[in-house]
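# Coordinate inspection notes
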Amino acid sequence: MYITGGASTARNCLKNLLPFHAKNNMSQVVTLEVNNGIATITINRPDKLNALNKDVFAALNLHLNEVANNAAIKSAIITGAGPKAFVAGADISEFHELSIDAAKALAKAGQDTFFTIENSSKPIIAAVNGFALGGGCELAMACHFRIASTNAKFGQPEVNLGLIPGYGGTQRLTQLIGKGRAIELLISAAVIDAATALQYGLVNYVVPQEELLAKATALLTQIGTKAPLAVGACIAAANQAFAPENKGYTAEVDAFGACFATEDMEEGTTAFLEKRAANFQGK
Ligand code: COA
């Protein structure tokens, strides 16, 4: 077993390109541990329910690069630190004062990270240990499949904030659970429990939280006995069933950016940070 700390050349090269604050925080906000060829990537901001901020994305990108380029790593698990949350969404505190262009760039960058996960030739599965909301649900959906603990909760609550998903949620939710259920969840901000997620096909298994990582490890150990090139080819072929050339992802980025010109988005995010109900005016 090892825990990455700047060992590989690729990792160090990337690290040199990152801003100072990202270098300082990356080792803490997302950790990577490798055991018997299985990497466990843990989003590690439990006090903020593992919300995805810039430092998390920088560190996540770095660890995904390690997974792709380190021959000793055969597969990966993505999970969240602490007993309460996988990831409770993008960090809403970073949304304030964003221009439309900056918001679109944020969405595009997040989509790119999640495409890296989706297109990984090495299996990457999500071990969802609690809230998987907004960007957290999108992160889980970008993984090749999902296992949930019994306390897991899934949803795309962005409309509560005057927003829409920006990291592929409108596309992958529709792919995974079908258009009718997806649109209902997207426009109602409904949060579903693990049993409903299993019934919808959003997750493959539901297990007690203390068994979650063991279940993920057991599945990847079994997959690890299969031909790696064939495994990668299966993933690539399955991804082609949902050709990324479709315009949905671009439409999502444009619509996400447009939300940032609305009073509703300002009201929704401010209300969240002020811990009060939003009063939307449809402007
Ligand atoms: N962005 C930034 N901070 C977040 C966050 C997010 N997406 N989700 C949770 N947090 C922070 C809270 O602000 C709080 O910080 P504080 O202790 O400094 O006040 C901390 O994480 C704990 O969250 P809290 O809301 O107190 O926990 P809870 O158990 O009462 O509620 C949730 C849990 C998940 C229901 C609630 O945190 C929530 O609704 N989060 C936002 C979900 C969301 O809208 N995600 C999509 C974002 S685009």
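See the structure shown above.
This text gives an overview of the structure that appears in the document. Being a predicted model, the structure only gives us computed values, none of them experimental. (Residues numbered from 1 in each chain as written. Predicted model: local features only at pLDDT ≥ 70, side-chain atom pairs only at ≥ 80, totals over all residues. Heavy atoms only, no water.)

### Topic: helix α6 (residues 169-177)
Stated precisely, the cut-off is as follows: The cut-offs for exposure are 20% and 50% of the maximum accessible area for each residue type, with area from a 1.4 Å probe on protein chains only; residues under the lower value are buried, those over the upper are exposed, and the others partly exposed. Every helix listed is a DSSP run of H or I at least four residues long, and every strand listed is a run of E at least two residues long, numbered separately from the N terminus. The criterion used for residue contact is that any of the two residues' heavy atoms lie within 4.5 Å.
Of all the positions in α6, only G169, T170, Q171, R172, L173 and I177 are classed as buried. Of the surrounding elements, those touching the buried residues of α6 are α4 (100-118), α5 (135-142), α7 (179-188), α8 (194-200) and α11 (248-259). Where α6 terminates, the next one or two residues include G178, which has phi positive at roughly 95 degrees.

### Examining the packing of aromatic side chains
Aromatic rings considered in pairs are described by the distance between their centres and by the relative angle of their planes. For clarity, the cut-off: Two aromatic rings from Phe, Tyr or Trp, using only the six-membered ring of Trp, form a pair when their centres are within 6.5 Å; if the ring planes differ by under 30 degrees the pair is stacked, by over 60 it is edge-to-face, and anything between is tilted. Charge-over-ring contacts are defined here by two conditions on Lys NZ or Arg CZ: a distance within 6 Å of the ring centre and an angle within 35 degrees of the ring normal.
Scanning all chains against the criterion turns up seven aromatic pairs. The interplanar angle of 75 degrees and the centroid separation of 5.3 Å between the aromatic rings of F57 and Y167 together place this pair among those described as edge-to-face. Highlighted residues: F57 in helix α3 (residues 54-69) and Y167 in the loop between β9 (153-155) and α6, separated in sequence by 110 residues. Following the ring pairs from residue to residue traces out a cluster consisting of F57, F114 and Y167. The ring of Y205 carries the charged tip of K215 above its face, separated from the ring centre by 4.3 Å.

### Considering the pattern of salt bridges
Side chains carrying opposite charge are able to pair once their charged atoms draw close together. Stated formally: Salt bridges are identified by distance alone: a Lys or Arg side-chain nitrogen within 4 Å of an Asp or Glu carboxyl oxygen.
Inspection of every chain in the model, using the stated rule, returns six salt bridges. Salt-bridge contacts for R45 lead to D91; the nearest nitrogen and oxygen are separated by 2.9 Å. One end of the pair, R45, is in the loop between β3 (38-43) and α3; the other, D91, is in the loop between β5 (85-87) and α4, and 46 residues separate them in sequence. Relative accessible area serves as the criterion here: at 13%, R45 is assigned to the buried category. The partner of E274 in a salt bridge is R276, with the nearest N and O atoms 2.9 Å apart. Residue class for E274 comes out partly exposed when judged on its relative accessible area of 49%. Taken together, the shared-partner salt bridges connect E267, E274 and R276 into one network.

### Structural notes on the layout of surface pockets
What counts, and what does not: As defined here, a cavity is a set of points on a 1 Å grid over the protein atoms alone where a 1.4 Å probe fits but cannot get out. A pocket is an open set with protein on both sides within 12 Å along at least five of seven lines, and residues line them when an atom is within 4 Å of a point. Grid points are joined across faces, edges and corners, and a volume is the space filled by probe spheres set on the points.
Taken as a whole, the largest pocket encloses approximately 710 Å³ of empty space. Along the walls of the largest pocket sit 35 residues, with A88, A90, I92, L161 and F272 positioned nearest its centre. If you list the elements that add at least two residues to the lining of the largest pocket, you get β7 (131-133), α5 and α12 (263-273). The leading source of residues in the lining of the largest pocket is α12, at four residues.

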